[in-house]
Amino acid sequence: MRSKLAIKPATAAPIGIFDSGVGGLTVAKAILKQLPNERLIYLGDTARAPYGTKAGKTVARFAVECVNYLMQYKIKALVVACNTASAYALPALRERFGIPILGVIQPGSKRAAAETPNGSIGVIGTSATIHSGAYPKALRQLAPGIQVFTQACPLFVPLVEEGWIDNPVTHEVARIYLHELIAKRISSLILGCTHYPILKNVIAAICGSEVKIVDSAETVSQELSEVLAQRRLLQTKKRSHSSLQCLVTDIPDAFIRVGQRILGSELGSVRKVRVMEVT
Ligand code: DGL
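Residues numbered from 1 in each chain as written. Predicted model: local features only at pLDDT ≥ 70, side-chain atom pairs only at ≥ 80, totals over all residues. Heavy atoms only, no water.

J.: So what's going on with the pairing of strand β8 (residues 212-215)? Residues and values would help.
T.: Of the strand pairs in this sheet, strand β7 (residues 188-192) and β8 are connected by four bridges, and their pairing is parallel. Across the sheet, the residue bridging to Leu191 is Asp215, located in β8. Assessed by its sense of winding, the connection that carries the chain from β7 through helix α9 (residues 200-207) to β8 is right-handed. (Pairing = 2+ DSSP bridges. Helix = DSSP H or I, 4+ residues; strand = E, 2+ residues; numbered from the N terminus. Right-handed = clockwise from strand over helix to strand, strands pointing away.)

J.: Break down the layout of surface pockets for me, citing the residues and quoting the values.
T.: Of the voids in this model, the largest pocket is the one considered here, and its volume is about 580 Å³. Taken together, 29 residues make up the lining of the largest pocket; nearest its centre are Ala49, Pro50, Val157, Glu161 and His195. The biggest single contributor to the lining of the largest pocket is helix α11 (residues 253-263), with four residues. For the second largest pocket, the calculated volume is near 400 Å³. What lines the second largest pocket is a set of 15 residues, and nearest its centre among them are Thr26, Lys29, Ala30, Asp215 and Glu218. The dominant element in the lining of the second largest pocket, judged by the number of residues it contributes, is helix α1 (residues 25-34), at five residues. Grouping the amino acids of the lining of the second largest pocket by side-chain chemistry returns five nonpolar, five polar and five charged. (1 Å grid on protein atoms, 1.4 Å probe; cavity = no way out; pocket = protein on both sides within 12 Å on 5 of 7 lines; lining within 4 Å. Points joined across faces, edges and corners; volume = space filled by probe spheres on them. Nonpolar A, V, L, I, M, F, W, Y, C, P; charged D, E, K, R; others polar.)

J.: Summarise helix α3 (residues 83-96); cite the residues concerned and give the values.
T.: Over its 14 residues, α3 runs 19 Å from end to end, which matches the ideal 20 Å to within 8%, given 1.5 Å per residue. Taking the largest bend as the criterion, α3 deviates by roughly 70°, centred on Ala89, and proline Pro91 comes between one and four positions later. Those residues of α3 that sit buried are Asn83, Thr84, Ala85, Ser86, Ala87, Ala89, Leu90, Leu93 and Arg96. (Expected span 1.5 Å × (residues − 1). Bend = angle between axes of the 7 residues up to and from the residue. Buried < 20%, exposed > 50% of the residue type's maximum accessible area, 1.4 Å probe, protein only.)

J.: Explain the packing of aromatic side chains to me, and be specific about the residues and the numbers.
T.: Inspection of the entire model under this criterion finds six aromatic pairs. For the pair Phe18 and Tyr51, a centre-to-centre distance of 6.2 Å together with 50° between the ring planes defines the contact as tilted. With Phe18 in strand β1 (residues 15-19) and Tyr51 in the loop between β2 (39-44) and α2 (56-70), this residue pair connects regions lying 33 residues apart in the sequence. The exposure class of Phe18 is buried, given its relative accessible area of 0%. What makes Tyr51 buried here is its relative accessible area of 1%. A centroid spacing of 5.2 Å and a plane angle of 90° characterise the contact between Phe156 and Tyr196, whose relative ring orientation is edge-to-face. Placement of Phe156 in helix α7 (residues 156-161) and of Tyr196 in the loop between β7 and α9 is noted, with a sequence separation of 40 residues between them. By relative accessible area, which is 0% here, Tyr196 ends up buried. Pairwise contacts between aromatic rings join Phe18, Tyr51 and Phe62 into one cluster. (Phe/Tyr/Trp six-rings, centres within 6.5 Å; stacked < 30°, edge-to-face > 60°.)

J.: Give me the packing of α2 against α3: which residues, what numbers.
T.: When two helices pack together, their arrangement is captured by the angle between the axes and the distance separating the axes. Here α2 crosses α3 at 55°, and the two axes come no closer than 8 Å. With respect to each other, α2 and α3 are oriented oblique. For the pair α2 and α3, the sense of crossing is right-handed. Every residue of α3 that contacts α2 at Gly56, Val59, Ala60, Ala63, Val64 and Val67 is listed here: Thr84, Ala85, Tyr88, Ala89, Ala92, Leu93 and Arg96. Partitioning the contact of α2 with α3 into residue classes produces ten nonpolar, two polar and one charged. (Axes fitted to C-alpha atoms, helices over the stretch in contact; angles between N-to-C directions. Parallel < 35°, antiparallel > 145°, perpendicular 65-115°, else oblique. Left-handed = near helix turned anticlockwise from the far one by under 90°. Contact = heavy atoms within 4.5 Å.)

J.: Report on the pairing of β2, specifying residues and quantitative values.
T.: In terms of residue burial, β2 counts as a mostly covered element, since five of its six residues are buried. In this region the chain leaves β1, passes through α1 and returns to the parallel neighbour β2; the handedness of that crossover is right-handed.

J.: Quick one: what's the story with empty space enclosed by the protein, residue by residue and with numbers?
T.: Under the counting rule described, the total for this entry stands at one cavity of 30 Å³ or more. Of the voids in this model, the largest cavity is the one considered here, and its volume is about 50 Å³. Elements represented by at least two residues in the lining of the largest cavity include exactly α1 and α10 (216-230). Looking at the lining of the largest cavity residue by residue, the class counts come to seven nonpolar, four polar and one charged.

J.: Before we move on, could you go through the side chain of Ser225 and cite the residues and values that matter?
T.: Within the fold, Ser225 resides in helix α10. Accessibility expressed as a relative area gives 16% for Ser225, which makes it buried. With near-sequence residues (within four places) excluded, Ser225 lies in contact with Gln34, Leu35 and Leu234.

J.: Tell me what's going on with the nonpolar core, and back it up with residues and numbers.
T.: Nonpolar side chains tend toward joint burial in soluble globular proteins. With 32 residues, the main nonpolar core has Leu25, Leu224, Leu244 and Phe255 as its most contacted residues. Those elements giving two or more residues to this core turn out to be β1, α1, β2, β3 (77-80), α10, β9 (243-248) and α11. At six residues, α1 tops the list of elements feeding residues into this core. Ranked by size, the runner-up nonpolar core spans 29 residues in total, among them Val64, Tyr73, Val80 and Leu93. (Core = buried A, V, L, I, M, F, W, Y, C linked by side-chain atoms within 4.5 Å.)

Shown next as structure tokens:
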């Protein structure tokens, strides 16, 4: 068995957030809102994104390399903001790194299972996330009688990155992707991809008010807060401004442009880094 890279727990240490690229800033934004005193270090693997079209083993390898890089910041916990990486990389990450590691699939599934009265849940995500079956597996473990319907929506990621949010093309694409799920009379829909909360209004308008939209970004930040509190790792010292440091693996221009749109504010420091192969 591989030895774990344990770090000393410290309330002042930063929280690491890992994503394939820029979309995980939806999760960072939710965490900053929930835990405004914390310091966040975000790594977006922009050089190798998208992950949602890649093989599970490739995604797991990329994730290990990125988190290995983040460990030098002595992070006290890690959030895997990327749904695709959460679907494929959590066991490898937990085996290798001895800190609390949260993915987005479990928190999103818990919320949906708790809030779905008729036991019929829709899940949308990248092709790789849907292919992994990770959401149906998590949901059925939480609520064995539940019915789960899934739909890959690969065009949503480039539409969001182009800034085509309230756009007729996006509405039409969403209608095409969602009509079968709506026909199944789902009562909740899990947004199983970092980018989809940006399209929440478009998706909600098409699904109608009877369908509850579950945003994993919100639920994971609540769970992170609980995990840090249980382990006495919460930063209690008040911070006058939020702290988010971003690292990317490719030139930062597009990340900054799209990221500022997602955060709705300036991004602060964004630095290009080189992650190494891990054997
Ligand atoms: N971050 C990915 C996810 O949540 C979406 C973008 C990608 O495919 O890399 O699944």
